[in-house]
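These are the residues of each chain, in order.
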Amino acid sequence: MCGIAGFMRRDGQPPARSLIEAMTQALVHRGPDGEGYFFGGNLGLGHRRLAIIDLETGNQPLEDRGGLVLIANAEIYNHVELRQELSGTDFATRSDCEPILPLYRLQERGFADRLRGMYALALYDPDSGELTLARDPFGIKPLYYCEVSEGFGFASEPSALIAAGLVDASVVAEKRDELLNLQFTTGPETIFRGIRRFLPGETIVVRQGRVIERRRREALPPGAPNIFEEKRALSMLDAALVDSIAVHQRADVPYGMFLSGGIDSATVLSIMAELNDRPVVAYTVGFRDADTDERHLAGLLAGKVGAHHVPIDVTIDDFKKRLPEVVAAMDDPAADYACLPTYLLAERAARDVKVVLTGEGGDELFGGYGRYRSALRPTWLGGRAMRSRGAFHGLGVLRAEGAGWRDGLLASAAVAAQTGRTRLQAAQALDCEDWLPHDLLAKVDRCLMAHGVEGRTPFLDPLVTNTVFQFDDRLKVKKRFGKYVLRQWLSARMPEAQPFAKKRGFTVPVATWMRAERLKLAPLVAGLPAIQEVCQPGRVEGLFTSAGKRHGQAMWNLLFYALWHQIHVLNVASDGDIFEVLAAR
């Protein structure tokens, strides 16, 4: 993976080289293996490279003989097949991204529809003077932009736009409220005023520093599900999973995987072990302070297929000492408590590999979350809309507990509820619209890229999604189990994974750690102006002494935001522990 940035001026003048360099240097962590620049007309582009495929000749920007220029934060898994289709093209490199150039020549605006992979990219056509930018359909790779009086700027991370002085680190109150209640923010608007996200699957065309066209590639197929017999569905699923994981292993560098004790990663492990001659390297995180620890079961599964298992332990000391640097990596904030173990797991994996496969997307595609089953039940049987209550609901902590924080969700829900979709499909599509790209995938991207490791998500592949999303509801939720068809598939292939055992979930004992340090943490958090602005006087300290599960989630969201605001808004250094960062003024 890589980092990309650029700026197109409105007045036709070339952008200052110092501006492009400032944005590009802010992305060094995303691409420690090299950098490249392009300047032409009113456009400047910058690229930081993490070399994965074509280590020798794959540097960017890439340029064809007609002058078309490409920079990309991408892995195009079907680049082999595209090269075969474009056999008359004289390719200059073995890069997986180079086929994008002739593909654009042939299909122009629709070129991204042919890409199988994860990408955030920018194409400049000097003949038309147009800059075309695109993001993959699930939003696996991030891309942000700002429109200012001088022109149009974009970058892989908001921090690059801020570092270049294009926008200030000013917080949007409505997005702050979303973050506190949801743990992520929705839609195109970010928490930073003036910085917008490319939506998953969005393509934007810019000319003379102004947006002139938008289009969007959907991640999920439209319409109602099809009815398949279970045997046929299992066969279809098997073919799609094997194909996806095979192409997700295309790399010229060592790769491994993240392994939990769950169904999704066990599925990935099973197929990777079958496809590789060498032992799969599998990394697992555990917590000595937690009620459950996945390392034992993960170790058993790794042993079953002869994988090399690498367990790590995350402790309260890691929480106290390392959390600020984790939050520093999350410039577009997602208060997901799994960010700490993900960050430390990536740090350990970086010693051995540059690519890891992960199980993100399994719950969303196969209907694994309990909230899906709740959404299917009528109200009189306890059913309710997803995320109808925020993290602080009824706790009396926030100054304002209105429902405005759900506005973005309601807008996404209207998009997700396409004609013909079942209630389950609509719930899945809603999660794929916001929760998946703006929480789970953002966490994986930032935490891995901080260590120069690329994360790949084989469940979020067009072949897999087009196969699975069309399955009818009974293959997803059956006998009180979500992910029914995947459980059936895994029970035949790897019964040791106990696929029909009660879902354990992934729990990080942050509430236990926060309560253990509450005497120091509570006054530091409560004393921050950013917290006093949103919380009732005297209620934060009480929150840190409460024992309920919901109190623990609210505590974590508040602590995360306090650290995030200190680091990303007030520019406090992140090299201290949580107490030092919170105490800084």
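Below, the structure is looked at part by part.

Conventions and cut-offs
- Residues numbered from 1 in each chain as written.
- Predicted model: local features only at pLDDT ≥ 70, side-chain atom pairs only at ≥ 80, totals over all residues.
- Heavy atoms only, no water.
- Helix = DSSP H or I, 4+ residues; strand = E, 2+ residues; numbered from the N terminus.
- Rg over C-alpha atoms; globule rule 2.2 N^0.38 Å.
- Contact = heavy atoms within 4.5 Å.
- Areas by Shrake-Rupley, 256 points an atom, 1.4 Å probe, with all protein chains shown as cover.
- Lys, Arg positive; Asp, Glu negative; His and termini not counted.
- Charge placed at Lys NZ, Arg CZ, Asp CG, Glu CD.
- Pairing = 2+ DSSP bridges.
- Axes fitted to C-alpha atoms, helices over the stretch in contact; angles between N-to-C directions.
- Expected span 1.5 Å × (residues − 1).
- Buried < 20%, exposed > 50% of the residue type's maximum accessible area, 1.4 Å probe, protein only.
- Arc of directions from axis to C-beta.
- Salt bridge = Lys/Arg side-chain N within 4 Å of Asp/Glu carboxyl O.
- Core = buried A, V, L, I, M, F, W, Y, C linked by side-chain atoms within 4.5 Å.
- Polar contact = N/O pair within 3.5 Å; in protein donor to acceptor, adjacent residues only side chain to side chain.
- Parallel < 35°, antiparallel > 145°, perpendicular 65-115°, else oblique.

## Observations regarding the overall build of the protein
Then step 1. Summing up its helical and strand segments, the protein has 22 helices and 17 strands in all.
Then step 2. Computed over the C-alpha atoms, the radius of gyration of the protein is 23 Å, within 12% of the 25 Å expected from 2.2 N^0.38 for a compact globule of 585 residues.
Then step 3. Taken over the C-alpha atoms alone, the protein extends approximately 65 × 60 × 50 Å along its principal axes.
Then step 4. For the protein, the share of sequence-separated contacts (at least 6 apart) that also reach a separation of at least 24 residues comes to 71%.
Then step 5. In the structure as shown, the protein presents an accessible area of about 21800 Å², 49% of it carried by carbon and sulfur atoms.
Then step 6. One way to put it: in the protein the 70 positive side-chain charges average out to a point 6 Å from where the 73 negative ones average out.

## What to know about the side chain of R406
Then step 1. Within the secondary structure, R406 sits in the loop between α12 (370-376) and α13 (407-416).
Then step 2. With residues near it in sequence (within four places) discarded, R406 still touches A385, M386, R387 and S388.

## Some remarks on the sheet that holds strand β15 (residues 308-313)
Then step 1. Read from one edge of the open sheet, five strands run β15-β14-β13-β16-β17, paired in parallel fashion. Only two strands of the sheet have a single neighbouring strand rather than two, namely β15 and β17 (454-456). Across this sheet, the average inter-strand angle for adjacent strands is 30°, counted without regard to direction.
Then step 2. Here strand β14 (residues 281-286) pairs with β15 via six bridges, running parallel. Among the inter-strand pairings, G286 is bridged to a residue of β15, identified as D313.
Then step 3. Sheet contacts for helix α8 (residues 295-305): β14 and β15; angle to β15, the most-contacted strand, approximately 170°.

## Overview of helix α6 (residues 230-248)
Then step 1. Taking 1.5 Å per residue as the helical rise, α6 with its 19 residues ought to reach 27 Å, and the 27 Å between its terminal C-alpha atoms agrees with that figure.
Then step 2. Looking at α6, one finds that the buried residues are A233, M236, L237, A240, L241, S244, I245, V247 and H248. Down the axis of α6, the buried set is contained in an arc of 160°. They therefore lie on one face. In α6, the exposed positions angled more than 90 degrees off the buried face are occupied by K231 and R232.
Then step 3. The elements touched by buried residues of α6 are α7 (263-275), β16 (355-357), α11 (362-366), β17, α15 (462-468) and α16 (484-493).

## A closer look at unusual backbone geometry
Then step 1. Each neighbour pair has its own omega, and for Q60 with P61 the value is 10°, a cis peptide bond.
Then step 2. Looking at the secondary structure, you find P61 in the loop between β3 (43-49) and β4 (62-63).
Then step 3. The phi angle at Q208 is positive, at roughly 50°, despite the residue not being glycine.
Then step 4. If you trace the backbone, Q208 turns up in the loop between β11 (202-207) and β12 (210-216).
Then step 5. In this structure, Q498 is a non-glycine residue whose phi angle is positive, near 50°.
Then step 6. With respect to the helices, strands and loops of the structure, Q498 is situated in the loop between α16 and α17 (510-516).
Then step 7. In this structure Q498 comes out as partly exposed when scored by relative accessible area, which is 43%.

## Quick look at the pattern of salt bridges
A side chain with one charge can pair with a side chain of the opposite charge if their charged atoms come near.
Then step 1. A complete count under the given rule lists 50 salt bridges for this structure.
Then step 2. Note that R65 and D90 form a salt bridge whose closest N and O atoms lie 2.7 Å from each other. Within this pair, whereas R65 is found in the loop between β4 and β5 (69-76), its partner D90 is found in the loop between α2 (79-85) and α3 (100-107), the two being separated by 25 residues in sequence. For the pair shown, R65 and D90 are each scored as exposed.
Then step 3. The salt bridge partner of R295 is D313, with a shortest N-O separation of 3.4 Å. In this pair, R295 sits in helix α8 while D313 sits in strand β15, placing the two residues 18 residues apart along the sequence.
Then step 4. Through salt bridges with shared partners, a single network forms among R30, K141, E157, D331, D445 and R446.

## Quick word on the sheet that holds β11
Hydrogen bonds between backbone groups are what pair the strands of a sheet, and the pairing can be parallel or antiparallel.
Then step 1. Read from one edge of the open sheet, six strands run β4-β5-β6-β7-β11-β12, paired in antiparallel fashion. Of all strands in the sheet, those with a lone pairing partner are β4 and β12, marking the two edges.
Then step 2. As judged from the two bridges shared by β4 and β5, these two strands associate in the antiparallel manner. Pairing of E63 across the sheet is with V69, part of β5.

## Considerations on the pairing of strand β9 (residues 151-155)
Then step 1. Among the five residues that make up β9, five are buried, leaving the element largely enclosed by the rest of the structure.
Then step 2. Sheet topology places strand β1 (residues 2-9) next to β9; five bridges connect them, and they run antiparallel. Of the residues in β9, the one forming a bridge with G6 is F154.
Then step 3. As paired strands, strand β8 (residues 144-148) and β9 are joined by five bridges and run antiparallel to one another.

## A closer look at the nonpolar core
The nonpolar side chains of a soluble globular protein tend to be buried, and buried together.
Then step 1. If you look at the biggest cluster of nonpolar residues, it comprises 89 residues, and the most contacted ones within it are M23 and F319.
Then step 2. The dominant element in this core, judged by the number of residues it contributes, is helix α21 (residues 549-569), at 11 residues.
Then step 3. Excluding residues that lie within four positions of it along the chain, M23 makes contacts with A5, G6, F7, F154, A160, L161, A164 and L166.

## Looking at the environment of D64
Then step 1. Within the element layout of this structure, D64 appears in the loop between β4 and β5.
Then step 2. Here D64 falls in the partly exposed class, since its relative accessible area comes to 21%.
Then step 3. As a C-alpha pair, D64 and P102 span 38 residues in sequence and 8.2 Å in three-dimensional space.
Then step 4. Not counting chain neighbours up to four residues away, the residues in contact with D64 comprise L101 and R105.
Then step 5. Among the polar contacts listed, one links the side chain of D64 to the backbone nitrogen of G66, at a separation of 3.0 Å.
Then step 6. A polar contact of 2.9 Å, which involves the side chain of D64, links it to the backbone nitrogen of L68.

## Examining the packing of helix α5 (residues 173-182) against α21
Then step 1. The contact between α5 and α21 brings their axes to 8 Å, and the two run at 140°. In terms of orientation, α5 lies oblique with respect to α21. Between α5 and α21, the contacting residues are R176, L179 and L180 on the first element and N557, L558 and Y561 on the second.

## Here we look at the pairing of β12
Then step 1. Here β11 runs beside β12; their pairing, made up of six bridges, is antiparallel. Along β12, the bridge assignment pairs V205 with E213.
Then step 2. Hairpin remark: β11 followed by β12, antiparallel, with two residues in the connecting loop; positive phi at Q208, about 50°.

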